[in-house]
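Here is how the chains run, residue by residue.
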Amino acid sequence: MSDITAGSAPRDPYRLGRSQAHGLFSATGRGEGGPASKFVTVAYGFWIFLLSDIIMFSAFFAAYAVLSKQTADGPTGKDLFELTRVAAQTGLLLTSSFTGGLAMLATRRRSMAAAQFWLLVTGLLGAAFVFLEVQEFATMVNEQAGPSRSAFLSAFFALVGCHGTHVGLGLLWLGTMMAQLWVKGFRPEILRRVHCFSLFWHALDIIWVAIFTLVYLLGASS
């Protein structure tokens, strides 16, 4: 007998042939498994945000590449960059990404103490990174090498400062996540936010590695 019988109640053609459980269709929507879960849709939307952010950083990198030689007879990267400090910043940020991963594993185990501990360590490492970056900027400004000194320094402060601002905002986000996790527990919406934060933090790591290589290492060697 056909699924559509004359005289019977109208049926959704997208549900024909689907399994039923307790009188209800187990899947809805046009896909075979129904609509995507909230976790998938949120993660997908956040990936689009991250891609837009990476495009923005690509523009800053392009501007820096064009202006890196326009020093206006001022100090160059070789004169200004302290690779020891930058190496310490790199170590702090990469380690914070590792501890952030440990925090994610702790949330999957539903271990509140471990999740809060590793998120706190991640935040402290990120704060130390921001402190060193602010210290570097202050030193350069005191040496009359501020962003208005040359096109090279304008591009440098814009690129590195934009990344540092992202890290600072990430720290605020991290603090909010810790508070929500502590108050509301391992709710699905909290876990989605923690997952998005983890993606954001790893993306900042990737951008920093590019800054470390293309700005600091090449700048100090040229």
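The sections below set out a description of the structure shown in this document. Sequence order sets the numbering: in each chain, residues are counted from 1 along the sequence as written. Selection of residues for local features in this predicted model requires a pLDDT of at least 70, selection of side-chain atom pairs for listing and counting requires 80 or more, and totals for whole chains, interfaces and linings are taken over all residues. For side-chain calculations, the full set of non-hydrogen atoms in the structure is used, while hydrogens and water are omitted.

Turning to the packing of aromatic side chains, a few remarks are in order. A pair of Phe, Tyr and Trp rings is counted when the ring centres sit within 6.5 Å of each other, with Trp represented by its six-membered ring. The angle between the planes then sorts it: under 30 degrees is stacked, over 60 is edge-to-face, the rest tilted. Scanning the entire structure with this criterion turns up 16 aromatic pairs. Note on Trp173 and Phe200: the rings are 5.5 Å apart at their centroids and 50° apart in plane angle, and the pair reads as tilted. Here Phe200 lies in helix α6 (residues 188-221) and Trp173 lies in helix α5 (residues 151-184), a separation of 27 residues in the sequence. Think of it this way: any DSSP run of H or I at least four residues long counts as a helix, any run of E at least two long counts as a strand, and we number them from the N terminus.

This part is about the packing of helix α1 (residues 38-67) against α6. α6 packs onto α1 with a crossing angle of 20° between their chain directions and a minimal axis gap of 10 Å. Compared by their axis directions, α1 and α6 come out roughly parallel. In this structure, the crossing between α1 and α6 has a hand that is right-handed. Where α1 abuts α6, its residues Lys38, Phe39, Val42, Ala43, Phe46, Trp47, Phe49, Leu50, Asp53, Phe57, Phe61 and Tyr64 lie against Arg192, His195, Cys196, Leu199, Phe200, Ala203, Ile207, Ala210, Ile211, Leu214 and Val215. Note that Gly is not counted as nonpolar here; it falls among the polar residues with everything else outside the nonpolar set of Ala, Val, Leu, Ile, Met, Phe, Trp, Tyr, Cys and Pro and the charged set of Asp, Glu, Lys and Arg. A class-by-class count of the residues in the contact of α1 with α6 yields 19 nonpolar, one polar and three charged. Every axis in this analysis is a line fitted to C-alpha atoms, fitted for helices over the stretch in contact. Angles between the N-to-C directions lie between 0 and 180 degrees. Angle categories: roughly parallel below 35 degrees, roughly antiparallel above 145, roughly perpendicular from 65 to 115, and oblique for all the rest. Crossing handedness follows the turn of the near helix against the far one: under a right angle anticlockwise gives a left-handed crossing, and clockwise gives a right-handed one. Throughout, a residue-residue contact means that at least one pair of heavy atoms, one from each residue, lies within 4.5 Å.

The subject of this paragraph is unusual backbone geometry. Positive phi outside glycine occurs at Arg110, with the angle close to 60°. Judged by its relative accessible area of 45%, Arg110 falls in the partly exposed class. In this model, Gln144 sits at a positive phi of 60°, which is unusual for a non-glycine residue. Looking at the secondary structure, you find Gln144 in the loop between α4 (112-142) and α5. We classify Gln144 as exposed; its relative accessible area is 59%. Note on classification: 1.4 Å probe, protein chains only; a residue is buried when its accessible area is under 20% of the maximum for its type, exposed when over 50%, partly exposed between these limits.

Relative orientation of the contacting elements α5 and α6 amounts to 160°, with a least axis distance of 10 Å. Taken as axis vectors, α5 and α6 run roughly antiparallel relative to one another. Crossing of α5 over α6 shows left-handed handedness. In the contact of α5 with α6, the residues fall into 21 nonpolar, four polar and two charged.

Another aspect to go through is the side chain of His163. Along the chain, the position of His163 falls in helix α5. Given a relative accessible area of 0%, His163 falls into the buried group. Among all residues touching His163, those that are not within four sequence positions of it are Phe57, Leu93, Phe129, Leu204, Ile207, Trp208 and Ile211.

The next thing to look at is helix α3 (residues 83-108). The span expected for a helix works out to 1.5 Å for each residue beyond the first. Compared with an ideal rise of 1.5 Å per residue, which puts 26 residues at 38 Å, α3 spans 38 Å between its outermost C-alpha atoms and is within 8% of the ideal. Just beyond α3, the residue with positive phi is Arg110, at close to 60°.

Here we take up the pattern of salt bridges. Here, a salt bridge means any side-chain nitrogen of Lys or Arg that lies within 4 Å of a carboxyl oxygen of Asp or Glu. Applying the stated criterion to the full structure yields two salt bridges. Here Arg85 and Glu82 are joined by a salt bridge, their closest N and O atoms 3.1 Å apart. Glu82 gets classed as partly exposed once you look at its relative accessible area, which sits at 41%. In this structure, the salt-bridge partner of Glu189 is Arg187, at a minimum N-O distance of 3.8 Å. The exposure class of Glu189 is partly exposed, given its relative accessible area of 25%.

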